[in-house]
Amino acid sequence: MPIRFLASLALALFSLFGVATAAESVTFTGEVTYRERIALPPDARLRMTLLRLPGEGVVVSATGQPTAGGQVPLSFTLNVRSSTIGSGGSYGLRAEILSGGQVLFRNERPVAVDPASPQAGLIIVNRAAGPRPGPVAPANPLADTQWVVTAIGGTPVLAQSKVTLQIMADNGAGGRGGCNSYFAETRFEDSPLSFGPVAGTMMACSEALMEQEGRYYDALARTANFARTGKSLHLLDSAGTVLVELETAP
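Along each chain, the written sequence defines residue order, and numbers are assigned to residues from 1. In view of the model being predicted, local features appear only for residues whose pLDDT reaches at least 70, and side-chain atom pairs are presented and counted only at 80 or more, with totals across whole chains, interfaces and linings using the full set of residues. Water and hydrogen atoms play no part in the side-chain values, which are based on all heavy atoms of the structure.

Enquirer: Sorry if this is basic, but what is going on with the packing of aromatic side chains here?
Expert: Note on aromatic pairs: each is described by the distance of the centres and the angle between the planes. To pair, rings of Phe, Tyr and Trp, with the six-membered ring standing in for Trp, must have centres within 6.5 Å; the planes then decide the type, stacked if under 30 degrees apart, edge-to-face if over 60, and tilted in the middle. Applying the stated criterion across every chain, the model contains four aromatic pairs. Pairing Y216 with Y217 gives two aromatic rings, centres 6.1 Å apart and planes at 45 degrees, and the pair type is tilted. Remark: exposure states derive from per-residue accessible area (1.4 Å probe, protein chains only) relative to the maximum for the residue type, with buried under 20%, exposed over 50%, and partly exposed in between. Note on Y216: relative accessible area 0%, which makes it buried. An aromatic cluster is defined as three or more aromatic residues linked by ring pairs; in this entry it consists of Y182, Y216 and Y217.

Enquirer: Got a minute to help me understand the nonpolar core in this structure?
Expert: Looking at soluble globular proteins, one finds that nonpolar side chains tend to be buried together. Grouped together as the largest cluster of nonpolar side chains are 26 residues, with contacts concentrated most on F28, V32, M48, L50, L93, I97 and I123. Put simply, DSSP H or I for four residues or longer makes a helix, DSSP E for two residues or longer makes a strand, and each gets a number counted from the N terminus. If you list the elements that add at least two residues to this core, you get β4 (25-33), β5 (45-53), β6 (57-64), β7 (74-81), β8 (90-99) and β11 (119-124). If we skip the residues at most four places from it in the chain, L93 touches F28, M48, T49, L50, F76, L78, N107, P110, V111, V113, A120 and I123. The term nonpolar core refers to a set of buried residues drawn from Ala, Val, Leu, Ile, Met, Phe, Trp, Tyr and Cys, joined through side-chain atoms within 4.5 Å. Contacts are assigned to residue pairs with any non-hydrogen atoms lying within 4.5 Å of each other.

Enquirer: Help me out: how do you make sense of the pattern of salt bridges in this one?
Expert: Pairing between side chains becomes possible if they bear opposite charge and their charged atoms approach one another. A side-chain nitrogen of Lys or Arg and a carboxyl oxygen of Asp or Glu constitute a salt bridge if their distance falls within 4 Å. Following the criterion strictly, the structure yields five salt bridges and no others. Where E96 meets R47, a salt bridge forms, and the shortest distance between an N and an O atom there is 2.8 Å. Here R47 lies in strand β5 and E96 lies in strand β8, a separation of 49 residues in the sequence. Given the relative accessible area of 25%, R47 is considered partly exposed. The residue D218 makes a salt bridge to R222 at a minimum N-O spacing of 3.5 Å. Here D218 pairs with R222, and both are found in helix α2 (residues 207-222), just four residues apart, close to one helical turn. Classification of D218 as partly exposed rests on a relative accessible area of 40%. Residues joined by salt bridges that share partners form a network here, namely R47, E96, R106 and E108.

Enquirer: Help me understand α2 in this model?
Expert: Because an α-helix packs 3.6 residues into every turn, residues spaced three or four apart end up facing the same way. Helix span, as expected, comes to 1.5 Å for every residue beyond the first. In a regular helix each residue adds 1.5 Å, so 16 residues correspond to 22 Å; α2 covers 23 Å between its end C-alpha atoms and thus fits that length. Within the sequence span of α2, burial applies to L209, Q212, E213, Y216, A219 and L220. Along the long axis of α2, the arc covered by the buried residues comes to 120 degrees, so they all point the same way. Of the exposed residues in α2, the ones pointing more than 90 degrees away from its buried face are E207 and A221. In this description, one arc is meant: the one made by directions from the helix axis to the C-beta atoms.

Enquirer: Could you clarify how one ought to interpret the confidence of the model for the chain in this entry?
Expert: Any residue range with low pLDDT should be treated as having predicted coordinates unsuitable for detailed reading. Summing up the model confidence of the chain, the mean pLDDT is 82 and the portion of residues at 70 or higher is 86%. Known as pLDDT, the predictor's per-residue confidence is scaled from 0 to 100. With pLDDT under 50 throughout, residues 1-23 is counted as low confidence; its partners more than four residues away or in other chains account for 51 contacts.

Enquirer: Can you walk me through the pairing of β6 in this structure?
Expert: On a regular strand, one side chain projects to one face of the sheet and the next to the other, so that they alternate. The pairing criterion is simple: DSSP has to find at least two bridges between the two strands. Both β5 and β6 contribute to a ladder of seven bridges, which runs antiparallel. Its bridge partner being in β6, M48 is matched across the sheet by A62. If you look at the hairpin formed by β5 and β6, you'll find three residues sitting between the two strands, and G55 has a positive phi there, around 100 degrees.

Enquirer: Sorry if this is basic, but what is going on with the environment of S25 here?
Expert: Following the sequence through the fold, S25 ends up in strand β4. According to the relative accessible area criterion, S25 is partly exposed, its value standing at 27%. Between the C-alpha atoms of S25 and V80, which are 55 residues apart in sequence, the distance is 5.5 Å.

Structure below.
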């Protein structure tokens, strides 16, 4: 299944003093294959890159698509102007098989080629390494839990109020502050538990409810740890002092 690349015109004609002359070119040929016994996807493409060694500076690169149903070995012809290569120097070829914009196979070390004898022979490519996984997000030990606040700073919540906390699997948090609904983000990276800035509605309630809500939001901002025992949850500061006491919501 030959693939022909036109990195530049294989035969360029130009006029000099009225005489037509053929511009010289170097034609690299060869085949690309891999050892795995798997078929190429329908959208597979072959990219050939001529590199200047050492340093692997790109001289020219071209991409072509195999004929329908094309499988390895894939033949290629890469035509490069002699003036692009110049005289002297060392060169290598890198072959890459792509699909869906991703590199499936490549030869990590370029195959050395000589412009004076540009037959590359058989280039064996290996499965390309996938993207390196990013850091694993810390687990959320309180995911999908709902709580009712019973005390803030050791003081029981007002009888006529209901303060709640819900923590979702996506680390979102929210509930009732006693007067307003609130929203925040939980974090588990730098400490066992902390809360981001609180945002919420802006309803006006009695002075006592507003004062209690303010103390609750302040406690969330100071939270650096937690202790969970059965149906009870305590939010703690960095020194281990209990800031908020909660029980599982009925």
